[in-house]
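Here is how the chains run, residue by residue.
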Amino acid sequence: MANCIICNHSLTSKNDSAEHIIPNAIGGFRKVWGFLCNLCNNTTGHDWDAVLASQLNGLCHFFDIKRERGSTPDQTISTTAGETFRMLSQGGFALPKPTVDKTEAGGRTQYQVVARDMPEARRILRDLQRKFPKIDVEVELTKVQARTSYPKGMVEIPCQIGGVQAGRSIVKSAVALVHDSGIPAVACDQALVYLRDQNVPACFGYYSTTDLLIERPVGVPLHCVAVSGNSTTGMLLGYVEYFGFLRAVVLLSETYIGPNIENCYAIDPTTGMQLDLSVRLQFSQADMVDIFDYKHCDNEATKQAADAVFGPGMARKRQREQSHAVKKAVQYAFENCGAQPGDILTEEQLRIIAQLMSERLIPFIVNLNQPRPLPTSSNLRSDIKDQSGT
Ligand SMILES: [Zn+2]
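Since the structure is predicted, the reported quantities are computational estimates derived from the model, not experimental observations. (Residues numbered from 1 in each chain as written. Predicted model: local features only at pLDDT ≥ 70, side-chain atom pairs only at ≥ 80, totals over all residues. Heavy atoms only, no water.)

### Considerations on the overall build of the protein
Then, number 1: Of the regular secondary structure elements, the protein holds ten helices and 17 strands.
Then, number 2: Structurally, the protein occupies a C-alpha span of about 85 × 45 × 45 Å along its principal axes.
Then, number 3: Element-wise, carbon and sulfur atoms account for 52% of the exposed surface of the protein, whose accessible area totals about 20400 Å².
Then, number 4: Taking the average location of the 39 positive side-chain charges in the protein and that of its 41 negative ones, the two points are 7 Å from each other. (Helix = DSSP H or I, 4+ residues; strand = E, 2+ residues; numbered from the N terminus. Areas by Shrake-Rupley, 256 points an atom, 1.4 Å probe, with all protein chains shown as cover. Lys, Arg positive; Asp, Glu negative; His and termini not counted. Charge placed at Lys NZ, Arg CZ, Asp CG, Glu CD.)

### Observations regarding the coordination of the zinc ion
Then, number 1: In this structure, C4 (SG), C7 (SG), C37 (SG) and C40 (SG) serve as the protein donors to the zinc ion, at separations of 2.3 Å.
Then, number 2: Between the four donor atoms coordinating the zinc ion, the angles at the centre fall across 101 to 117°, so the site counts as tetrahedral.
Then, number 3: Between consecutive donors of the zinc ion, the numbers of intervening residues give the motif C-x2-C-x29-C-x2-C.
Then, number 4: Looking at C37, the relative accessible area reads 6%, which means it is buried. (Donors = N, O, S within 2.8 Å, 3.2 Å for Na, K, Ca; no water. Tetrahedral: all angles 85-135°; square planar, octahedral: opposite > 155°, others 65-115°. Buried < 20%, exposed > 50% of the residue type's maximum accessible area, 1.4 Å probe, protein only.)

### Some remarks on helix α3 (residues 118-131)
Then, number 1: Between its first and last C-alpha, α3 extends 20 Å over 14 residues, near the 20 Å set by a 1.5 Å rise per residue.
Then, number 2: Of the surrounding secondary structure, the elements contacted by the buried residues of α3 are β6 (99-105), β7 (108-114) and α4 (137-142).
Then, number 3: Among the residues of α3, the N-terminal cap falls to D117, whose side-chain oxygen and the backbone nitrogen of E120 are separated by 3.0 Å. (Expected span 1.5 Å × (residues − 1). Contact = heavy atoms within 4.5 Å. Polar contact = N/O pair within 3.5 Å; in protein donor to acceptor, adjacent residues only side chain to side chain.)

### With respect to the domain arrangement of the protein
Then, number 1: By the assigned domains, the protein splits into domain 1 (159-300) and domain 2 (310-377).
Then, number 2: Centre-to-centre separation of domain 1 and domain 2, based on C-alpha positions: 44 Å. (Domains from an automatic or database assignment.)

### Some remarks on the side chain of S228
Then, number 1: Locating S228 in the fold gives a position in strand β11 (residues 223-230).
Then, number 2: Within the structure, S228 has its side chain in polar contact with the side chain of E262 (distance 3.4 Å).

### Some remarks on unusual backbone geometry
Then, number 1: You will see that N8, though not glycine, has its phi angle at about 70°, which is positive.
Then, number 2: Looking at where N8 falls in the secondary structure, it is placed in the segment before β1 (19-20).
Then, number 3: A relative accessible area of 42% means that N8 is categorised as partly exposed.
Then, number 4: For D64, which is not glycine, the phi torsion reads 50° and is therefore positive.
Then, number 5: You can see D64 is positioned in the loop between α2 (57-62) and β3 (75-79).

### A word on the pattern of salt bridges
Then, number 1: Applying the stated criterion across every chain, the model contains 18 salt bridges.
Then, number 2: With its nearest N and O atoms 2.8 Å apart, the salt bridge here joins E68 to K31. Of the two residues, E68 sits in the loop between α2 and β3 while K31 sits in strand β2 (residues 31-32), which places them 37 residues apart along the sequence.
Then, number 3: Its relative accessible area of 34% is what places E68 among the partly exposed residues. (Salt bridge = Lys/Arg side-chain N within 4 Å of Asp/Glu carboxyl O.)

### Brief notes about the UniProt feature "domain: HNH endonuclease" (unreviewed entry) in the protein
Then, number 1: As recorded in UniProt, the sites labelled "domain: HNH endonuclease" (unreviewed entry) are residues 4-56.
Then, number 2: As annotated, residues 4-56 comprises 34% helix and 8% strand, and the C-alpha atoms at either end are separated by 27 Å. (UniProt positions renumbered as here; feature names shortened; annotations may be inferred.)

### Looking at the packing of helix α5 (residues 164-180) against helix α6 (residues 189-196)
Any two packed helices are characterised by the angle at which their axes cross and by the distance between the axes.
Then, number 1: Interaxial distance between α5 and α6 falls to 10 Å at its minimum, and their mutual angle equals 145°. Here the hand of the crossing between α5 and α6 comes out left-handed. Facing α5, whose interface residues are V164, G167, R168, V171, K172 and V175, α6 presents A191, L192, Y194 and L195.
Then, number 2: Broken down by class, the residue content of the contact of α5 with α6 amounts to seven nonpolar, one polar and two charged. (Axes fitted to C-alpha atoms, helices over the stretch in contact; angles between N-to-C directions. Left-handed = near helix turned anticlockwise from the far one by under 90°. Nonpolar A, V, L, I, M, F, W, Y, C, P; charged D, E, K, R; others polar.)

### Notes on the packing of aromatic side chains
Then, number 1: Inspection of the entire model under this criterion finds nine aromatic pairs.
Then, number 2: On the basis of an interplanar angle of 80° and a centroid distance of 4.9 Å, the ring pair of F62 and F63 is categorised as edge-to-face. For the pair F62 and F63, a shared accessibility class is recorded, and that class is buried.
Then, number 3: A ring pair is formed by Y111 and F132, whose centres lie 5.6 Å apart and whose planes are at 50°; its orientation type is tilted. Placement of the pair is Y111 in strand β7 and F132 in the loop between α3 and α4, with a sequence separation of 21 residues. (Phe/Tyr/Trp six-rings, centres within 6.5 Å; stacked < 30°, edge-to-face > 60°.)

### Looking at the side chain of E19
Then, number 1: Here E19 is to be found in strand β1.
Then, number 2: Within the local environment of E19, its side chain forms a polar contact with the side chain of K172, the two groups lying 2.5 Å apart.
Then, number 3: Apart from residues lying up to four places away in sequence, E19 is in contact with R30, K31, V32, F35, L36, N41, D49 and K172.

### Focus on the sheet that holds strand β9 (residues 204-206)
Then, number 1: An order of β9-β13-β12-β11-β14-β15 is seen for the six strands of this open sheet, with the pairing classed as antiparallel. Lying at the two open borders of the sheet, with one neighbouring strand each, are β9 and β15 (273-275). Along the sheet, successive strands turn relative to each other by an average axial angle of 15°, direction set aside.
Then, number 2: The sheet contact formed by β11 and strand β12 (residues 235-242) spans seven bridges and is antiparallel. If you follow A226 over to β12, its bridge partner there is Y239.
Then, number 3: The sheet strands contacting α6 are β9 and β13 (246-253), and the helix crosses β13 at an angle near 110°. (Pairing = 2+ DSSP bridges.)

Okay, structure coming up:
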């Protein structure tokens, strides 16, 4: 068995671990073995992959990715209208926190409570009851009005990747695919030096001036890891792309002497399906100098690539919102029409159901009529230079 790529300890059946080529938190499925010891798997998962995943969390929500295990954590987002919401792991939005407003008028104190659900409303009223024993919590709860509202402004989704930790997650993914291609990870000498020593400058650069994917599927926010090794030029290169527009080229080695290889692992994270794709990955040492020097990092090209996936992503998101709104309206109408489960509905109950459903759907229908431009995509964070000090 090989050694752990980080600590170099021998891997045994006891300390070997399964490592996702693309982190599970952003939708990766395929795993490699004989690559990381348990300890380094935990450390790199916590220190590197978790940072990358948190930078990409808003996109995981927006595209509603499928994960092998766990769900996308809630995310606080703001809108161009200055609103703040939490995007929930089970779908939909919630207020970031409950509010309690106090007003004094004519010697009377009035409280208005806005809570995210009934248990929270009950908790807040109980707290108030301690101060004001006259409050009857159960009576007050009968006066609660449920309200559905949608963001008025355009949702701003954070889409920046980078930094010393997320950068190492990107490079580790390329090394994992080399290992998965049957080439010992030690062939990635430059990448391993970078991964093992936090003071070593980055061995990757963002790349957007040309599309390296051959026959890119239209509108798919795909994840892709590719490697290419050429013993004649000595170049062993990696390519990592997340959500179809965050793209980086990795220099794994300049002294590669193994068999020539080309390998690509790509998935559509919205379905978890693997995609059969290939990548043009032929750069010289001089090209790599340009890539490290930001000469292939073009913000306009990145924005165009982002827009190509955000448009279809928004259409899918609206479809999901519609199903969610209709389901909730039907549930609410049936629960409040006065019939018990199993009853044959009277004409009056049917009329109530129709009325309650349309009442409940009005906020959604009004929201549909709002002009809503695409979510904004921010530029890649340009801190590779800061990190290498060049
Ligand atoms: Zn280790």
